[in-house]
Every structure is written in C-alpha cells, then in structure tokens.
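Here's the letter readout for the chains.
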Amino acid sequence: MKTLRIVALATLCHLATPAQAQSTPECPPPAADALWPQGAPRSVDATLTLGTPAQLALQADGQGKYSGSAAISVTQPGTYEVALGNPAWIDVAKDGVVLTSINHGHGPACSGIRKIVGFALQPGTYEVRLSRSDRDAVQVMVSLSR
C-alpha cells in the first residue's frame, strides 16, 4: 500500500503544471489517507526516509527567516524530487558540494505541496538544505521520480 501511495504521489507531481499551482480553487478537506498528510511527524534526528513526509524543524537565521537540513540516503541512481509544504529554498549537497537541480515546479492543486525540485542522484547520503523559510518547521518529502 505504501509503495502504491508513493507511486501515486510521484505521478501527481509530474502531472502538475504552473498554471494549476497559480489558481486558487476551492479545495475539499484532505482525506484521512491523503498522500501528503498535513501535520506529518517531526523528523527527530534530522534524517528523512524516502517516500515518507516529515516535519523538519528549522532554526532562525538572524535575518528574519529560518533554515535547516536533514540527511537522506538513496540506494539507486535516479531523479529524486524534494517536495515542500511551505515556501523555502531547496538545495541538495553531497560532501559539502551543492548540486544543480534538474527540474522544479509546484504540486497539484489542493495537494498541500507548495514546491517540488528534482535532482539527479547516485547511491549515497545527501544533505537536504532548506533556507529562506518564513516558518520554523516545514513539511518535506523526498521520493524517487517514476
């Protein structure tokens, strides 16, 4: 079931267009089994699990914004997408070197996904860096694009 939900979320991410994200439709309340549940559990150890939404605590950066990071490990090469529930800047780094994103967009209307950025990754551990957030916690999920 979890794999099906991940595939469905990845499919929704690819079907989204900027035009959809810019409109403000009347959205129904989220279903109890929503793919992007609001209020996902907090990441306790600043580690993310592929395909699992988590709230990442951020720290004040001294300029009126918040930033933070979390580790993610991938076991197969591919395009991985980082989805956020609130506006923030997304970087992914390997061994301290920031990688160049390969795509970006918005989540489907009414999904609660504010931003999606894709990165080509090889097996290894990466640092997902979030910055320029207006909030001290951001919901984030990393998934393999299909």
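Peer 1: Explain the overall build of the protein chain to me, please; I cannot follow it from the model alone.
Peer 2: Within the protein chain one finds 2 helices and 10 strands. Seen in sequence order, the protein chain has helices and strands lined up from the N terminus as α-α-β-β-β-β-β-β-β-β-β-β. Residues counted as buried form 35% of the 146 residues belonging to the protein chain. Here the analysis covers contacts within the protein chain between residues at least 6 apart in sequence; of these, 76% occur between residues at least 24 apart. When the accessible surface of the protein chain is summed, it comes to about 8200 Å², and 55% of that surface belongs to carbon and sulfur atoms.

Peer 1: Where do I start with the nonpolar core in this structure?
Peer 2: In summary, soluble globular proteins display a tendency toward joint burial of nonpolar side chains. Formed by 23 residues in total, the largest nonpolar core has its most connected members in Leu-48, Val-82, Val-128 and Leu-130. Those elements that place two or more of their residues in this core are strand 1 (54–57), strand 3 (66–74), strand 4 (78–84), strand 5 (89–94), strand 8 (115–121), strand 9 (124–133) and strand 10 (137–144). Each residue touching Val-82, except ones within four places of it in the same chain, is listed here: Ile-90, Val-92, Lys-115, Ile-116, Val-117, Phe-119, Val-128, Val-140, Met-141 and Val-142.

Peer 1: What is the right way to read the sheet that holds strand 7 (residues 103–105) from this model?
Peer 2: Sheets are built from strands paired through backbone hydrogen bonds, the pairs being either parallel or antiparallel. One open sheet holds the 5 strands; their spatial order is 1-10-4-8-7, and the pairing between them is antiparallel. With one partner strand each, in any of the chains shown, strand 1 and strand 7 form the two edges of the open sheet. Adjacent strand axes in the sheet meet at a mean angle of 30°, parallel and antiparallel pairs treated alike. The sheet contact formed by strand 7 and strand 8 spans 3 bridges and is antiparallel. Opposite Asn-103, over in strand 8, you have Gly-118 as the bridge partner.

Peer 1: I tried to follow empty space enclosed by the protein on my own but got confused; where do I start?
Peer 2: Empty space among the atoms can be located by rolling a probe the size of a water molecule over them. Counted under the stated rule, the structure contains 1 cavity of 30 Å³ or more. Estimates place the volume of the largest cavity at around 30 Å³. If you go around the largest cavity, the residues you meet are Ile-72, Tyr-80, Val-82, Val-92, Phe-119, Leu-121, Val-128 and Val-142. Among the elements of the structure, strand 4 and strand 8 are those that each provide at least two residues to the lining of the largest cavity. Residue classes in the lining of the largest cavity are distributed as 8 nonpolar, no polar and no charged.

Peer 1: What's the story with the sheet that holds strand 6 (residues 97–98) in this structure? I'm lost.
Peer 2: Spatial strand order, 2-3-9-5-6: 5 strands in an open sheet with antiparallel pairing. Each end of this open sheet is capped by a strand with a single partner; those strands are strand 2 (59–60) and strand 6. Taken together, the 2 bridges between strand 5 and strand 6 define a ladder with antiparallel strand orientation. Along strand 6, the bridge assignment pairs Lys-94 with Val-97.

Analysis parameters
Residues numbered from 1 in each chain as written. Predicted model: local features only at pLDDT ≥ 70, side-chain atom pairs only at ≥ 80, totals over all residues. Heavy atoms only, no water. Helix = DSSP H or I, 4+ residues; strand = E, 2+ residues; numbered from the N terminus. Buried < 20%, exposed > 50% of the residue type's maximum accessible area, 1.4 Å probe, protein only. Contact = heavy atoms within 4.5 Å. Areas by Shrake-Rupley, 256 points an atom, 1.4 Å probe, with all protein chains shown as cover. Core = buried A, V, L, I, M, F, W, Y, C linked by side-chain atoms within 4.5 Å. Pairing = 2+ DSSP bridges. Axes fitted to C-alpha atoms, helices over the stretch in contact; angles between N-to-C directions. 1 Å grid on protein atoms, 1.4 Å probe; cavity = no way out; pocket = protein on both sides within 12 Å on 5 of 7 lines; lining within 4 Å. Points joined across faces, edges and corners; volume = space filled by probe spheres on them. Nonpolar A, V, L, I, M, F, W, Y, C, P; charged D, E, K, R; others polar.

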